[in-house]
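This is what each chain is made of:
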Amino acid sequence: QKEVEQDPGPLSVPEGAIVSLNCTYSNSAFQYFMWYRQYSRKGPELLMYTYSSGNKEDGRFTAQVDKSSKYISLFIRDSQPSDSATYLCAMSAVAAGNKLTFGGGTRVLVKP
Amino acid sequence: GAGVSQSPSNKVTEKGKDVELRCDPISGHTALYWYRQRLGQGLEFLIYFQGNSAPDKSGLPSDRFSAERTGESVSTLTIQRTQQEDSAVYLCASSLNPGTEKLFFGSGTQLSVL
């Protein structure tokens, strides 16, 4: 079993809908949680970063972490076609880029 | 430069050949990472450089893989005697300091081993 599980999708939604993404994990030591967005033929770019449990909002994006359930979520409100991309969750037990564990990514398609 | 630059963007090679991939990190970023991304999969950590410290090579899959970094600038990832299972996108990332998980990635090198 992988340390971080993420549904590969694709997840197809109409423009304007809410996109709901999630990851589950098994390592209770994880306390740094990130969401990266990756467009085709591009490197991942950091979208959201959360430390420990709780919610964080940034514009149309909301990240939630539930450490008790080992479950993290990303919500995208008022989705746009430009949000079509692969979304990767990543997490680590320490603040160190070489210790990140990534999910496999969920491909999202927002249809106009 | 404005971002992490990788070259070549695409590389096609024959099984058994050696390949060299290049990464130019963001200026001033002290930490540099190499990751591998197989089709439809998440990123696998390969190697990490921080200043003059010994690199963290714990992610290198075999002794055919090696990497070097010149000071706090360019890095090269070398794969010797390539195999078909080496086919993947090789991503380089840099960060401002080592105590962060916030990475800035390049666009990667798509390696295809025939």
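Counting of residues starts from 1 at the beginning of each chain's written sequence and follows it residue by residue. Chain letters start at A and ligand numbers start at 1, both assigned in the order the entries are written. Owing to the predicted nature of the model, reporting of local features is limited to residues with pLDDT of at least 70; listing and counting of side-chain atom pairs is limited to 80 or more, with chain, interface and lining totals taken over all residues. Heavy atoms from the whole structure form the basis of all side-chain values; hydrogens and water molecules are not counted.

### Details of the interface of chain A and chain B
Link 1 in the chain: Here, two residues are considered to be in contact whenever any of their heavy atoms come within 4.5 Å of each other. Across the contact, 21 residues belong to chain A and 20 residues belong to chain B.
Link 2 in the chain: Of the roughly 1,500 Å² buried between chain A and chain B, counting both surfaces, carbon and sulfur atoms make up 54%.
Link 3 in the chain: When a carboxyl oxygen of Asp or Glu is within 4 Å of a side-chain nitrogen of Lys or Arg, the pair counts as a salt bridge. On the surface where chain A and chain B come into contact, there are 1 salt bridge.
Link 4 in the chain: Between Lys99(A) and Asp56(B) there is a salt bridge whose closest N-O contact spans 3.8 Å.
Link 5 in the chain: We define a polar contact as two N or O atoms separated by no more than 3.5 Å, with the added condition that, inside protein, one atom must be a possible hydrogen donor and the other a possible acceptor, whereas residues neighbouring each other in sequence contribute only through side-chain atom pairs. The interface formed by chain A and chain B contains 3 residue pairs in polar contact (both at pLDDT 80 or more).
Link 6 in the chain: If you list the elements that add at least two residues to the side of chain A that touches chain B, you get strand S4 (32-38), strand S5 (45-51) and strand S9 (85-92) of chain A.
Link 7 in the chain: No other element matches S4(A), which puts 4 residues into the side of chain A that touches chain B. As used here, buried area is the combined drop in accessible area, with a 1.4 Å probe, of two parts when they are placed together. Helix and strand assignments follow DSSP, with helices taken as H or I runs no shorter than four residues and strands as E runs no shorter than two, numbered in order from the N terminus.

### Observations concerning the nonpolar core
Link 1 in the chain: If you look at the biggest cluster of nonpolar residues, it comprises 23 residues, and the most contacted ones within it are Trp35(A), Ile72(A), Leu74(A), Tyr87(A) and Met91(A).
Link 2 in the chain: Every element with two or more residues in this core is listed here: strand S3 (19-25), S4, S5, strand S7 (61-66), strand S8 (71-76), S9 and strand S11 (106-111) of chain A.
Link 3 in the chain: Look past the residues within four positions of Met91(A) in its chain and what remains in contact with it is Val4(A), Cys23(A), Tyr25(A), Phe30(A), Tyr32(A), Phe33(A), Met34(A), Ile72(A), Lys99(A), Leu100(A) and Thr101(A).
Link 4 in the chain: Side-chain atoms within 4.5 Å are what join buried Ala, Val, Leu, Ile, Met, Phe, Trp, Tyr and Cys residues into a set we call a nonpolar core. Categorising residues by exposure relies on relative accessible area from a 1.4 Å probe, with only protein chains included: less than 20% of the type maximum marks a residue as buried, more than 50% marks it as exposed, and the intermediate range marks it as partly exposed. Counting residues in hydrophobic clusters, the runner-up holds 20 residues, among them Leu60(B), Phe65(B), Ala67(B) and Leu111(B).

### Here's the deal with the packing of aromatic side chains
All names here are of chain B.
Link 1 in the chain: Centres within 6.5 Å are what make two rings of Phe, Tyr or Trp a pair, Trp counting through its six-membered ring; a difference in plane orientation under 30 degrees is then read as stacked, over 60 as edge-to-face, and the rest as tilted. Within this structure, the stated rule accounts for 10 aromatic pairs over all chains.
Link 2 in the chain: Between the aromatic rings of Tyr33 and Tyr48, the centroid separation amounts to 5.0 Å while the plane-to-plane angle is 20°, which identifies the pairing as stacked. Placement of the pair is Tyr33 in strand S4 (residues 31-37) and Tyr48 in strand S5 (residues 43-50), with a sequence separation of 15 residues.
Link 3 in the chain: Overall, Tyr48 belongs to the buried group, its relative accessible area being 11%.

### Notes on the confidence of the model for chain B
Link 1 in the chain: You can read pLDDT as the predictor saying how much it trusts each residue, on a scale of 0 to 100. This prediction gives chain B a mean pLDDT of 92; 99% of its residues lie at or above 70.
Link 2 in the chain: Within chain B, S5(B) has the poorest average pLDDT of any element, 92, and strand S7 (residues 75-79) of chain B the best, 98.

### Looking at the pairing of S3(A)
All names here are of chain A.
Link 1 in the chain: Side chains Val19, Leu21, Cys23 and Tyr25 of S3 all project onto a buried face; the interleaved residues Ser20, Asn22 and Thr24 project onto a face where none is buried.
Link 2 in the chain: Strands are treated as partners if at least two bridges between them are detected by DSSP. Of the strand pairs in this sheet, strand S1 (residues 4-6) and S3 are connected by 3 bridges, and their pairing is antiparallel. Paired with Glu5 across the strands is Thr24, a residue of S3.
Link 3 in the chain: Two elements, S3 and S8, share 6 bridges in a ladder whose sense is antiparallel. Residue pairing across strands places Cys23 opposite Ile72, the latter belonging to S8.

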